[in-house]
Amino acid sequence: PRHITMALIAESSDSSLEPEERAQHVVGLRRLRLGHLNLGSMEGLDPCNAATHIYLQHNRVREIEGLDFFHALQFLVLSHNRLEWVSGGAH
């Protein structure tokens, strides 16, 4: 499985950005579209804690934890993963 990186998040949202613009762009994202990327976990999403919508469908995610870190999260898509355990997110 792949890992989430700033570059991967930036590429999935707008591949035309210059490397020096990516970090600022990623931190400000509200909708993260990370479906169909063969991801094994949610690790690496920390810079995106302002996201309101996270799409992680069709990956290989087994565990979800720390959802309470995403204080603005309203919508989370986890269909077609390999979920075994979910923790946090009671807001």
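Just above sits the structure.
The shown structure was predicted, so the numbers you read here are calculated from the model rather than taken from an experiment.

A.B. asks: Could you clarify how one ought to interpret helix α1 (residues 6-13) in this entry?
C.D. replies: It helps to recall that an α-helix has 3.6 residues per turn; residues three or four apart then point in one direction. Within α1, burial applies to Leu 8, Ile 9 and Ala 10. The inward-facing, buried residues of α1 abut α2 (19-27) and β1 (31-33).

A.B. asks: Hey, could you run me through the pattern of salt bridges in this one?
C.D. replies: Think of it this way: side chains of opposite charge can pair up when their charged atoms draw near. Here the structure, examined in full by the defined rule, presents one salt bridge. In this structure, the salt-bridge partner of Arg 62 is Glu 84, at a minimum N-O distance of 2.9 Å. Here the residue Arg 62 occupies a position in the loop between β2 (53-55) and β3 (63-64), and Glu 84 occupies one in the loop between β4 (75-77) and β5 (85-86), the gap between them amounting to 22 residues.

A.B. asks: Please clarify how the environment of Asp 46 should be interpreted in this entry.
C.D. replies: When you line up the elements, Asp 46 lands in the loop between β1 and β2. Owing to a relative accessible area of 52%, Asp 46 belongs among the exposed residues under this scheme. Measuring from C-alpha to C-alpha, the distance between Asp 46 and Leu 17 comes to 20 Å, with 29 residues separating the pair along the chain.

A.B. asks: Is there a simple way to think about the sheet that holds β2 in this case?
C.D. replies: Paired through their backbone hydrogen bonds, the strands of a sheet run either parallel or antiparallel. A sheet is described by the order of its strands in space; here three strands give the open sequence β1-β2-β4, paired in parallel fashion. Where the open sheet ends on each side, the last strands, each with one partner, are β1 and β4. Taking each pair of neighbouring strands and ignoring which way they run, the sheet shows an average axis angle of 0 degrees.

A.B. asks: Explain the layout of surface pockets to me, please; I cannot follow it from the model alone.
C.D. replies: A water-sized probe, rolled over the atoms, reveals where empty space remains. There is about 200 Å³ of room inside the largest pocket. The wall of the largest pocket is formed by 13 residues, among which Ser 41, Met 42, Glu 43, Glu 63 and Glu 65 lie closest to the centre. Of the residues that constitute the lining of the largest pocket, the class distribution is five nonpolar, three polar and five charged.

A.B. asks: Mind showing me how you'd approach the packing of α1 against α2 here?
C.D. replies: What describes two packed helices is the angle between their axes and the distance between those same axes. Where α1 contacts α2, the axes come no closer than 9 Å and their chain directions differ by 80 degrees. Relative to α2, the element α1 is oriented roughly perpendicular. Across the interface between the two elements, Met 6, Ala 7, Ile 9, Ala 10, Glu 11 and Ser 13 of α1 pack against Arg 22, Ala 23, His 25 and Val 26 of α2. Here the residues of the contact of α1 with α2 are counted per class, giving six nonpolar, two polar and two charged.

A.B. asks: Is there a simple way to explain unusual backbone geometry in this structure?
C.D. replies: Backbone phi values are negative for most residues with the exception of glycine, while trans is the configuration of most peptide bonds. The phi torsion at His 58 lies on the positive side, around 55 degrees, for a residue other than glycine. In the Ramachandran plot, His 80 falls in the positive-phi region, its phi being about 60 degrees despite a non-glycine side chain. By secondary structure assignment, the location of His 80 is in the loop between β4 and β5. With relative accessibility at 56%, the residue His 80 sits in the exposed group.

Thresholds applied
- Residues numbered from 1 in each chain as written.
- Predicted model: local features only at pLDDT ≥ 70, side-chain atom pairs only at ≥ 80, totals over all residues.
- Heavy atoms only, no water.
- Buried < 20%, exposed > 50% of the residue type's maximum accessible area, 1.4 Å probe, protein only.
- Helix = DSSP H or I, 4+ residues; strand = E, 2+ residues; numbered from the N terminus.
- Contact = heavy atoms within 4.5 Å.
- Salt bridge = Lys/Arg side-chain N within 4 Å of Asp/Glu carboxyl O.
- Pairing = 2+ DSSP bridges.
- Axes fitted to C-alpha atoms, helices over the stretch in contact; angles between N-to-C directions.
- 1 Å grid on protein atoms, 1.4 Å probe; cavity = no way out; pocket = protein on both sides within 12 Å on 5 of 7 lines; lining within 4 Å.
- Points joined across faces, edges and corners; volume = space filled by probe spheres on them.
- Nonpolar A, V, L, I, M, F, W, Y, C, P; charged D, E, K, R; others polar.
- Parallel < 35°, antiparallel > 145°, perpendicular 65-115°, else oblique.

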